[in-house]
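Next come the chains, spelled out residue by residue.
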Amino acid sequence: MIKNRLVMAPMLVGYGSSDGEVSPSMVDYYEARARGGVGIIIVEAACVNQEGLETYSQLRINHPRYISGLEKLSRSIKNYGCRAFIQIFHAGRQTSQLITGTQVVGPSPLACPMTREMPRQLSVAEIEKITDEFVSAAQYAAMAGFDGVEIHAAHGYLINQFLSPHSNQRQDEYGGSLENRMRFLLNIVRRIKKSLPQLILSVRLNIDDFVPGGLLPVESLVVCQELEKNGANLIHCSCGTYQSGLTSIEPASYPEGWRMYLAEQVKKTVNIPVVGGGMIRNPHMAEEVIASGQADFIFLGRSLMADPLWPVKARDGQEEDIRPCISCNNCFASNSRGMSVSCTVNPGWGTRENRPIHH
Ligand SMILES: Cc1cc2nc3c(=O)[nH]c(=O)nc-3n(C[C@H](O)[C@H](O)[C@H](O)COP(=O)(O)O)c2cc1C
Ligand code: SF4
């Protein structure tokens with residue numbers, strides 16, 4: 001049972017320790033959002049190996065030593081009747097050698113125009129090893145008590161790099177046709193499902209890369225159908241890469257809910273539940289999306305950074321008391337500089353947020 005149709009989107013907040021452990025302030029941050037009434041929390045991108053790191057303090061999920069911290073995190077979420085998921089991740093070429101300590105990797109030796117570091121092309125044996133690492137990460141998540149895992153296949157990171165003809169120019173069984181480009185993702189999905197049939201499996205997918213020559217809906221919708229056939233339980237729609245600019249984390253110039261048309265197309269294509277969102281600030285907008293059948297669940301990202309009580313205030317008809325996110329992207333700017341995230345409109349974050357509330 002999930003108590004409502006609101007999902008907290010994964011967002012890197014940089015509260016992990018420098019070696020990727022869960023910290024007490026991270027537990028506080030997620031606990032405050034669970035208390036605020038959201039139905040599912042997807043914990044931010046946790047890395048499946050060292051070479052896939054995007055930031056220094058990013059959570060790691062590549063060794064049993066991380067299970068105990070992750071278990072504290074899942075418990076602090078589930079204590080409030082909220083379902084706990086964690087996103088599993090590899091940055092591929094969208095990172096820097098300064099962070100990974102080794103040359104960045106990707107499907108092909110094509111540099112991301114934003115980071116401008118030439119990736120080393122992964123061998124087939126290395127792709128199979130990373131597939132194993134995603135499966136191990138899902139196993140650690142299950143051991144740590146998470147109800148679900150989400151494979152990060154969006155936003156220009158490694159799995160998206162394989163899916164996208166723009167960044168994948170391989171000539172072997174992992175490149176060329178769509179069937180070959182989605183082999184990496186589908187192998188991960190099948191292997192996780194086989195090993196952990198009880199774990200809920202979500203895939204965050206770009207429906208449109210918004211990059212010339214990138215992944216388009218005509219192909220991503222086929223990927224969605226294959227994901228369903230191969231055991232995914234949820235499709236979490238997103239879009240954009242580093243190169244496309246701010247289409248993944250939009251500034252205030254984008255209208256509320258502008259990208260729901262992407263989720264709507266997925267909803268018409270598959271039978272499993274679909275999560276849509278992006279720039280959802282107002283509970284009435286969320287209600288309209290659900291009522292019109294554009295998506296089964298709404299994801300809220302920055303709205304929950306700005307006000308963890310958004311869900312209970314919406315439920316109790318106190319919309320006017322919601323402290324709205326103003327889409328200034330200061331949170332994202334601090335994350336991009338490798339700093340812990342803070343919010344312009346929520347100065348109490350991580351401290352006063354956890355004072356008792358009554359609902
Ligand atoms: C600081 C920050 C960190 C983010 N980290 C992640 C992440 O770890 N994984 C992911 O899939 N998306 C990440 N995102 C994107 C959000 O999940 C979400 O899709 C985006 O913010 C747009 O939705 P919103 O308008 O509801 O915030 C991040 C966004 C922000 C602002
Ligand atoms: S820092 Fe700005 S964009 Fe980020 S959550 Fe706060 S108000 Fe929204």
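Everything numeric here is computed off the predicted structure, so don't read it as measured data.

A. Here's a closer look at the pairing of strand β2 (residues 40-47). Burial runs high along β2: 8 of the 8 residues are buried. Summarising the sheet, strand β1 (residues 6-8) and β2 pair through 2 bridges and their orientation is parallel. Bridge assignment links Val7 to a residue of β2, and that residue is Ile40. A crossover links β2 with its parallel partner strand β3 (residues 83-89), the connecting element being helix α2 (residues 67-78), and its sense is right-handed.

B. Examining the nonpolar core more closely. Ranked by internal contacts, the top residues of the largest apolar core, which has 97 residues, are Ile86, Ile88, Ile151, Phe184, Leu185 and Leu227. Examining the composition of this core, we find that 8 residues originate from one element, helix α4 (residues 124-143), more than from any other. Setting aside residues up to four positions removed in sequence, Leu185 forms contacts with Ile151, Ala153, Ile159, Leu163, Val203, Leu205, Val223 and Leu227. In this structure, Ala9, Ile40, Phe297 and Phe299 belong to the second largest nonpolar core, which totals 9 residues.

C. Layout of the site of ligand 1. Neighbouring ligand 1 are 22 residues, the closest being Pro10, Gln87, Arg204, Met279 and Arg302. Between an oxygen atom of ligand 1 and a side-chain N or O atom of Arg281, the distance comes to 3.2 Å. Within the side chain of Arg302, one N or O atom sits 2.8 Å away from an oxygen atom of ligand 1. Out of a free accessible area of 610 Å², ligand 1 has 97% covered by protein chains.

D. How the structure looks around the packing of aromatic side chains. Inspection of every chain in the model, using the stated rule, returns 9 aromatic pairs. Considering the side-chain rings of Tyr29 and Tyr30, the 4.8 Å spacing of their centres and the 75° angle between planes classify their relative orientation as edge-to-face. Take Tyr29 and Tyr30: they sit in the same class, and that class is buried. With a centroid separation of 4.8 Å and an interplanar angle of 55°, the aromatic rings of Phe162 and Phe184 are classed as tilted. Residue Phe162 is located in helix α5 (residues 158-163), and its partner Phe184 is located in helix α7 (residues 183-195); the two are separated by 22 residues in the primary sequence. This pair shows no difference in class: Phe162 is buried, exactly as Phe184 is. A cation sits over an aromatic face here: Arg204 above Phe299, 4.7 Å from the ring centre.

Reading the values: rules and limits
- Residues numbered from 1 in each chain as written.
- Chains lettered and ligands numbered in written order.
- Predicted model: local features only at pLDDT ≥ 70, side-chain atom pairs only at ≥ 80, totals over all residues.
- Heavy atoms only, no water.
- Buried < 20%, exposed > 50% of the residue type's maximum accessible area, 1.4 Å probe, protein only.
- Helix = DSSP H or I, 4+ residues; strand = E, 2+ residues; numbered from the N terminus.
- Pairing = 2+ DSSP bridges.
- Right-handed = clockwise from strand over helix to strand, strands pointing away.
- Core = buried A, V, L, I, M, F, W, Y, C linked by side-chain atoms within 4.5 Å.
- Contact = heavy atoms within 4.5 Å.
- Near = heavy atom within 4 Å.
- Polar contact = N/O pair within 3.5 Å; in protein donor to acceptor, adjacent residues only side chain to side chain.
- Areas by Shrake-Rupley, 256 points an atom, 1.4 Å probe, with all protein chains shown as cover.
- Phe/Tyr/Trp six-rings, centres within 6.5 Å; stacked < 30°, edge-to-face > 60°.
- Lys NZ or Arg CZ within 6 Å of the ring centre and 35° of its normal.

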